[in-house]
Amino acid sequence: MKTRVLSAVALLPLLLVIVLVLPAWATAALFGAAAAVAAYELLYRTGLVKNLRLVAYAMVMAVLVSFWSLRQDRNLAALGVLLYLMLLFGEMLLAHTKLRFEKICLCLAAGLLLPYLLTALVRIRAMYTGADPAQNDLGKYYILIAFVIAFTADSGAYFVGRALGKHKLAPVISPNKTVEGAVGGILCAIGFMELYGLILDKAFGFDVIYWYGILYGLFGALASILGDLSFSVIKRQMGIKDYGNLIPGHGGILDRFDSMMLVAPLVEILLRMLTFAVPVAGAG
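This report concerns the structure included in the present document.

Here is what the cut-offs are and how they apply
Residues numbered from 1 in each chain as written. Predicted model: local features only at pLDDT ≥ 70, side-chain atom pairs only at ≥ 80, totals over all residues. Heavy atoms only, no water. Phe/Tyr/Trp six-rings, centres within 6.5 Å; stacked < 30°, edge-to-face > 60°. Buried < 20%, exposed > 50% of the residue type's maximum accessible area, 1.4 Å probe, protein only. Helix = DSSP H or I, 4+ residues; strand = E, 2+ residues; numbered from the N terminus. Contact = heavy atoms within 4.5 Å. Expected span 1.5 Å × (residues − 1). Salt bridge = Lys/Arg side-chain N within 4 Å of Asp/Glu carboxyl O.

When we look at a pair of aromatic rings, we describe it by the centre distance and by the angle of the planes. Summed over the entire model, instances satisfying the criterion amount to 10 aromatic pairs. Here the aromatic rings of Y158 and F159 are separated by 5.1 Å at their centres, their planes lie at 80 degrees, and the arrangement is edge-to-face. Its relative accessible area of 32% is what places Y158 among the partly exposed residues. Geometrically, the ring pair formed by Y216 and F276 is tilted, given 5.6 Å between the ring centres and 40 degrees between the ring planes. Remark: F276 occurs in the loop between α11 (260-273) and β4 (277-279) and Y216 occurs in helix α9 (residues 210-238); sequence separation between them is 60 residues. For the pair Y216 and F276, one class covers both residues: buried.

Structure (structure tokens):
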């Protein structure tokens, strides 16, 4: 527990500097690297794919997906995906019957699907929704929504579960998770979303629709729980405790960002459909 807290205290300021202070390309570089490590963890660390060449292809593709998310160039992305598919199918043909199709599907998931989900953070960071050209960096306010939901839902579930948890949520998949913890995580996510809305309103001059914050917190917390449990299932099936040891006390990238895999794209969709906060004229 102490190592977990110290790691969070050390890494959180660095993460905030990268996503809030540095330009959007730095966020793309950060989460491109994270997606590459996640691809390695899912394929190689689990033992699902031991072909290092395939793992390398997936890692490179994960980085490219992050920068395509930043540029949002569909033509370039489509070309890259096609070339990746051709490369993987070429490997399968060269290996004849030794490289099974399910391995190719795993590489597609690790190199394309999971990076696309995680790099919703990059697309949020690059969002521009203000009418005033001076407000062309609004993504730094919006990207925090995903972090607020994912981290407070996880922390709320952990602490409430430890204090009040009696009924197991998923005893086979994750024995320590409880129904009480899940409810606590949902309430924490909603509460902190409302608090974040209040900060945007009073400190940065945003027009906030507070009841949207309730929807963000509720559905975001549910997505967080689903993401967490889904990646726990993979670990149980493969007989491993953690995906890696990159982050002391937390494990690997997939251990820390499992819930974010669903929270980030959900927030991206909600921001486009039900914008939580909009800057008033002259704000930003």
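All right, on to the environment of G111 then. Looking at the element boundaries, G111 is found in helix α5 (residues 101-118). Relative accessible area serves as the criterion here: at 0%, G111 is assigned to the buried category. Between the C-alpha atoms of G111 and P175, which are 64 residues apart in sequence, the distance is 30 Å. Setting aside anything within four residues of it in sequence, one finds G111 in contact with A58, M61, A62, V65 and Y84.

Here helix α8 (residues 179-204) contains 26 residues, and its C-alpha end-to-end distance of 36 Å stays within 8% of the 38 Å for a straight helix at 1.5 Å per residue. Restricting attention to buried positions, one finds in α8 the residues G181, A182, G184, G185, I186, A189, I190, M193, Y196, G197 and L200. Where the residues of α8 are buried, they touch α7 (139-164), β1 (168-170), β2 (174-178), β3 (206-208), α9 and β4. Looking one or two residues past α8, G205 carries a phi angle of roughly 70 degrees, positive in sign.

Overall, the coordinates contain nine salt bridges when judged by the stated rule. Across the salt bridge formed by K241 and D242, the nearest N and O atoms sit 3.7 Å from each other. Residue classification places K241 among the exposed residues on the basis of a relative accessible area of 68%. Residue classification places D242 among the partly exposed positions, given a relative accessible area of 30%. Here the salt bridges do not stand alone but share partners, grouping R123, E268 and R272 into one network.

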